[in-house]
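Chain residues, written in single-letter form:
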Amino acid sequence: MSCRTSASDPINTRLASGDLAGDGPVRVGLIGAGRAGVAVGHALAGVGYPVVAVATRTESSRARAAHRFAQAWTGPVARIASRLRSADLLLIAVPDDVIAQVTGRLVALGAVREGQLIAHLSGRHGLSALAAGLGCGARRAALHPIMTLPGTGGKNDFHSFVDVPFGVTADAEALEPARRVVADLGGVPLEIADEGRAQYHAALVLGGNFLASLTGAARDLLGGVGIDDPAAALGPLLRASLDNALAGGWAAATGPVRRADVATVRAHRQALGRVDPAVAEVYRALALFTTHELGAAGALDEAQVTRLRAELTEDADPSDRCGQG
C-alpha cells in the first residue's frame, strides 16, 4: 500500500491545515497499549479525540485495549493498518529503543499517509526517531508529558493532564497542531529544540527518577534504625525541601554541606559505609557536587569549600578515622 494520500483517504482538514478549531473530531490511532499509551489515549478520548484504532502485539494487550477503547479496532498493525491510516493523529507509545523501528513498520504497512500528525511520547527522543514518516508526507512531533503516567484506564484519566507541562518538539508545520493537542488536554506546551532533547530528559530524570531513588534509600535507612513508618517521618521534610528548592534554587540549600559542617559529613559517611557502601558513595558524590555548586553560587567561601573537598576526596575510607573501622 502506498503511503501517499489517495482519493479515498479521509484527511481531517483540521490537522492538514494546522487548525484544530474546525469541524469534526481529530481521530487517534494508538500504537502500544501500555501505561503511557492508555493514559494519554483515555485523556484524548475524554476531550473529544476518538481513538479509532489501537495496535497491540499480544492477545492479552489486545483484550485490554478492546476493553478500554470499545469503539476502536484492535490488533497487530498488519491487521488494522487501514484503520490506522484513517487516523489524523498517530500516537506511538512504545519503548524508546523501538520507536524508529515501529515507525518504519507503520510506513511499510501503509498505516502512514500525507497530512497525518505522527507523534511519540518519549522524553529522550526528538524527531529523528520518526524519520520514516517524512517520506509519506506526515508531520512529526514529540509530545512528552512531564509527569508519571498512571495508565489505569479510568473514566476520569483525562483530568490527569490539566496544568501538566509537555515537552514539545515538532516540525515547523506540525508545531501549532502539536501545541493545540496539548492545550486541548489542559496541558502546558513547552517548546524544546530537537538537539536539546537528551539534556531536557536528563534533567527530568535527575529531578524525578533519582528523587525517587534517594527517597527509597532514605526510607530504608530510617527503617533500619527502627522507625515504623519512614514515609510519614520523611514526608514533611521532603515536601518542604522540594518546595524550597523549586522556589529558590541553590539559595534554598540547607544541611551540613551548606553549613560546611565537616565533622557531620564525616560521621554520615562512616555510618553509611558500615550499612551500605553503595549508598555511602552516592552520599559522597552528591556532597562533593553540592560543595562545588554552593561554592560557585557564593553560598560557601573558599576555605569552606577546601575543607569539604578534602574530606570528600582525600579520605577513601572514612571509617578508618579516629580508630573506627
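None of these values were measured; they are calculated from a predicted model.

Draft legend 1. Spotlight on the side chain of Ser61. Here Ser61 is to be found in helix H3 (residues 59-68). Non-local contacts of Ser61, meaning those with residues more than four positions away in its chain, are made with Ala33 and Thr56.

Draft legend 2. Fine view of the layout of surface pockets. There is about 480 Å³ of room inside the second largest pocket. For the second largest pocket, the lining is made up of 20 residues, of which Ile31, Thr56, Arg57, Val94 and Val102 are closest to its centre. For the lining of the second largest pocket, the elements supplying multiple residues, two or more each, are H3, helix H4 (77-86) and helix H5 (99-108). Its residues assigned to classes, the lining of the second largest pocket comprises 12 nonpolar, 5 polar and 3 charged.

Draft legend 3. Inspection of the side chain of Gln116 at higher detail. Along the chain, Gln116 falls in the loop between H5 and strand S5 (117-120). A polar contact of 3.4 Å, which involves the side chain of Gln116, links it to the backbone oxygen of Arg85. Setting aside its immediate chain neighbours within four residues, Gln116 contacts Leu84, Arg85, Ala87, Asp88, Leu90, Ala111, Ala138 and Arg139.

Draft legend 4. Layout of the pairing of strand S4 (residues 89-92). Burial along S4 is two-sided: the face carrying Leu89 and Leu91 and the face carrying Leu90 and Ile92 are both buried. Pairing analysis gives 4 bridges linking strand S1 (residues 28-31) to S4, with the strands arranged parallel. Bridge pairing in S4 links Val28 to Leu89. The pairing of S4 with S5 spans 4 bridges and is parallel. Of the residues in S5, the one forming a bridge with Leu90 is Ile118.

Draft legend 5. Spatial organisation of the pairing of S5. Alternating residues of S5 divide into Leu117 and Ala119 and Ile118 and His120, and every residue in both groups is buried. Handedness of the crossover is the feature at issue here: the chain leaves S4, passes through H5, returns alongside S5, and the resulting connection is right-handed.

Draft legend 6. Spotlight on the pattern of salt bridges. Throughout the structure, instances matching the rule amount to 9 salt bridges. Across the salt bridge formed by Asp171 and Arg140, the nearest N and O atoms sit 2.8 Å from each other. Remark: Arg140 occurs in strand S6 (residues 139-145) and Asp171 occurs in the loop between strand S7 (165-170) and helix H6 (175-184); sequence separation between them is 31 residues. No difference in accessibility class separates Asp171 from Arg140, as the two residues are buried. Note that Glu311 and Arg269 form a salt bridge whose closest N and O atoms lie 3.3 Å from each other. Here the residue Glu311 occupies a position in helix H11 (residues 302-313), and Arg269 occupies one in helix H9 (residues 262-275), the gap between them amounting to 42 residues.

Draft legend 7. Layout of the confidence of the model for the protein chain. Residues of the protein chain with pLDDT of at least 70 account for 86%, and the chain-wide mean is 89. Segment residues 7-11 is flagged for pLDDT under 50; beyond a separation of four residues in sequence, or across chains, it makes 12 contacts in the model. Contacts from residues 151-157, a stretch scored under 50 in pLDDT, to residues over four places away or in other chains number 13 contacts.

Rules of the game
Residues numbered from 1 in each chain as written. Predicted model: local features only at pLDDT ≥ 70, side-chain atom pairs only at ≥ 80, totals over all residues. Heavy atoms only, no water. Helix = DSSP H or I, 4+ residues; strand = E, 2+ residues; numbered from the N terminus. Contact = heavy atoms within 4.5 Å. 1 Å grid on protein atoms, 1.4 Å probe; cavity = no way out; pocket = protein on both sides within 12 Å on 5 of 7 lines; lining within 4 Å. Points joined across faces, edges and corners; volume = space filled by probe spheres on them. Nonpolar A, V, L, I, M, F, W, Y, C, P; charged D, E, K, R; others polar. Polar contact = N/O pair within 3.5 Å; in protein donor to acceptor, adjacent residues only side chain to side chain. Buried < 20%, exposed > 50% of the residue type's maximum accessible area, 1.4 Å probe, protein only. Pairing = 2+ DSSP bridges. Right-handed = clockwise from strand over helix to strand, strands pointing away. Salt bridge = Lys/Arg side-chain N within 4 Å of Asp/Glu carboxyl O. pLDDT = per-residue confidence, 0-100.

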